[in-house]
Amino acid sequence: MRHLDVYRDPRAVKRLVAAVRRATTRPWTIMEICGGQTHSIARYGLEDLIGEDITLVHGPGCPVCVTPLEVLEKARRLALQPDVVLHTYGDMLRVPGVHGDLLDARARGADVRIVLSALDAVRAAARDPARHHVFFAVGFETTAPATAMAIEHAAQLGLDRFSVLASHVRVPPAMEAILSDPDGRVDGFLAAGHVCTIEGDADYHELAARFSAPIVITGFEPLDIVRGLLACVRQLEAGQHEVDNAYPRAVRPEGNPVARAALRRVFSPADVPWRGLGVLPRGGLRIRPEYAPFDAELRFPMSLDPIEEPKACRANEVLRGLLAPLDCPELGRGCTPEHPLGAPMVSTEGACAAYYRYRRMA
Ligand code: SF4
């Protein structure tokens, strides 16, 4: 038996689902933040199992999906500059921008490379000092520490032709925005377990208390998710609104001190735009002035006007939990993984891709 099989055991899942149904006396709407959780929910059909009283809505927890169009366009323009090599994660190559994606840029001669880690980009820069290497960094608090360590490593190596186009975002401000949304309808959250492995639970206590919304830190396997739902429903039914850790095998209250320290040495919180949510106060991370030589925004300044989202795509509503992917008229018609209209269909963590893959075909 593989380690993960324990958390996918259908009998254990059904037992917990029965407990959720017994605990539920009225309708509740619960949002899972992370796209990895969304994929598990769709893949294992948890929405159908859990019953009609609980509505699961899907949050903005997909780093590819929330990267603003302006940043995508900056990355594309940077890649097209002579003597620039752009490194990024594989998911970013097919995200449609206003003037095409990074694959199009590659077809026009840009040197765009897929890396598995930020350090791969640093190594490439060390091997090839004649050209400027830019790492296009996206992701939440989970990937930001690795970017921070890559910048520190580049500084130690004295690489003066390496920089980072950083588009890292922080999850708690997005949860705050969703809870503050007058159109919102979220009663409780399943928080993203991997973000909490880094940051712990400190940010969530004030949020849970201020908005009277339970926040349950949850993993990614079906058993983890149903366990998180049970903890959330029990709190909602009891009128409680606390932070609960349903993922103790990975998350400690204090998070990962080494990763947090790296993150804070290199980045500071900043007001940044999220695709679909607008500018969120302290919603992202900017490279600190001490590391300015490694900040691609400063080395390659560009001023771009705000770029409008494609009209046919309703990703803005999907990312705020206001529209279920199955209710988007374009899903599977004008919008498919081969010809995506919006980022949630491109990314492996995108909610629309999850529903296209697991639910539309069912
Ligand atoms: S299915 Fe496609 S068009 Fe519809 S919201 Fe999702 S990404 Fe946009």
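To start, this report covers the structure provided alongside it. (Residues numbered from 1 in each chain as written. Predicted model: local features only at pLDDT ≥ 70, side-chain atom pairs only at ≥ 80, totals over all residues. Heavy atoms only, no water.)

Notes on the overall build of the chain
The helix and strand tally for the chain stands at 17 helices and eleven strands. Rg of the C-alpha trace for the chain: 21 Å, near the compact-globule value of 21 Å for 362 residues, within the 12% margin. Looking at the 362 residues of the chain, the share that counts as buried comes to 55%. Taking the intrachain contacts of the chain between residues at least 6 apart in sequence as the baseline, contacts between residues at least 24 apart amount to 79%. Just so you have it, the chain exposes about 15600 Å², and 51% of that area is on carbon and sulfur atoms. Here the chain contributes 42 positively and 45 negatively charged side chains, and the mean placements of these two sets differ by 4 Å. (Helix = DSSP H or I, 4+ residues; strand = E, 2+ residues; numbered from the N terminus. Rg over C-alpha atoms; globule rule 2.2 N^0.38 Å. Buried < 20%, exposed > 50% of the residue type's maximum accessible area, 1.4 Å probe, protein only. Contact = heavy atoms within 4.5 Å. Areas by Shrake-Rupley, 256 points an atom, 1.4 Å probe, with all protein chains shown as cover. Lys, Arg positive; Asp, Glu negative; His and termini not counted. Charge placed at Lys NZ, Arg CZ, Asp CG, Glu CD.)

Concerning the pattern of salt bridges
Applying the stated criterion across every chain yields a total of 19 salt bridges. With a closest N to O distance of 3.0 Å, R76 and E73 form a salt bridge. Of this pair, R76 and E73 both sit in helix α5 (residues 69-79), three residues apart, which is roughly one turn of that helix. Across the pair, E73 and R76 agree in class, each one buried. The partner of D203 in a salt bridge is R170, with the nearest N and O atoms 3.8 Å apart. (Salt bridge = Lys/Arg side-chain N within 4 Å of Asp/Glu carboxyl O.)

Some thoughts on the sheet that holds strand β7 (residues 188-192)
Read from one edge of the open sheet, five strands run β2-β1-β7-β8-β9, paired in parallel fashion. Edge positions in the sheet fall to β2 (54-61) and β9 (243-245), since each has one partner strand and no second. The average angle at which neighbouring strand axes cross in this sheet is 25 degrees, direction not considered. Sheet topology note: the β7/strand β8 (residues 215-218) ladder contains four bridges and is parallel. Bridged to A192 within β8 is T218. (Pairing = 2+ DSSP bridges. Axes fitted to C-alpha atoms, helices over the stretch in contact; angles between N-to-C directions.)

Thoughts on the packing of helix α1 (residues 10-23) against helix α12 (residues 222-238)
Helices that pack against each other are described as a pair by the angle of their axes relative to one another and the distance between those axes. Put simply, α1 and α12 touch, their axes get as near as 9 Å, and they point 15 degrees apart. The angle between the axes of α1 and α12 places the two elements in the roughly parallel class. α12 is crossed by α1, and the crossing has left-handed handedness. Here A12, V13, L16, V17, A19, V20 and A23 of α1 lie close against α12, whose contacting residues are P222, L223, V226, R227, L230, V233, R234 and E237. Here the residues of the contact of α1 with α12 are counted per class, giving twelve nonpolar, no polar and three charged. (Parallel < 35°, antiparallel > 145°, perpendicular 65-115°, else oblique. Left-handed = near helix turned anticlockwise from the far one by under 90°. Nonpolar A, V, L, I, M, F, W, Y, C, P; charged D, E, K, R; others polar.)

Digging into empty space enclosed by the protein
A complete count under the given rule lists six cavities of 30 Å³ or more for this structure. Here the largest cavity defines a volume of roughly 100 Å³. Along the walls of the largest cavity sit 13 residues, with C313, R314, C328, C335 and C352 positioned nearest its centre. (1 Å grid on protein atoms, 1.4 Å probe; cavity = no way out; pocket = protein on both sides within 12 Å on 5 of 7 lines; lining within 4 Å. Points joined across faces, edges and corners; volume = space filled by probe spheres on them.)

Details of the side chain of H168
For H168, the location among the structural elements is in strand β6 (residues 162-168). We classify H168 as buried; its relative accessible area is 2%. A distance of 2.8 Å separates the side chain of H168 from the side chain of T147, its partner in a polar contact. Sequence-distant contacts of H168, that is, excluding residues within four places in its chain, are made with A137, V138, G139, F140, T143, A144, T147, F267, G284 and L285. (Polar contact = N/O pair within 3.5 Å; in protein donor to acceptor, adjacent residues only side chain to side chain.)

So, the site of the ligand
Taken together, 13 residues lie near the ligand, and C313, R314, C328, C335 and C352 sit nearest. According to the grid-proximity analysis, the pocket containing the ligand is the largest cavity. Put simply, the parts of the chain that give the shell around the ligand at least two residues each are α15 (315-319) and α16 (343-346). Broken down by class, the residue content of the shell around the ligand amounts to ten nonpolar, one polar and two charged. (Near = heavy atom within 4 Å. Sits in = over half its atoms within 2 Å of the grid points.)

Looking at the pairing of strand β11 (residues 278-287)
Across seven bridges, the pairing between strand β10 (residues 267-274) and β11 is antiparallel. Note that in β11 the partner of W274 across the bridge is G278. The antiparallel pairing of β10 with β11 creates a hairpin that spans three residues between the two strands, and G276 there sits at a positive phi of about 95 degrees.

Remarks on the packing of aromatic side chains
For the coordinates displayed, the defined rule picks out three aromatic pairs. Taking 5.6 Å as the distance between ring centres and 90 degrees as the angle between the ring planes, the aromatic pair formed by Y89 and F135 counts as edge-to-face. With Y89 in the loop between β3 (84-88) and α6 (102-107) and F135 in strand β5 (residues 132-139), this residue pair connects regions lying 46 residues apart in the sequence. Take Y89 and F135: they sit in the same class, and that class is buried. Between F140 and W274 the ring centres are 5.9 Å apart and the planes differ by 40 degrees, which places this aromatic pair in the tilted class. Taken together, the residues span a long stretch of sequence, with F140 in the loop between β5 and α8 (144-157) and W274 in strand β10 at a distance of 134 residues. Here F140 matches W274 in class, with each residue buried. (Phe/Tyr/Trp six-rings, centres within 6.5 Å; stacked < 30°, edge-to-face > 60°.)

As far as function goes, none of this settles anything; it's purely spatial.
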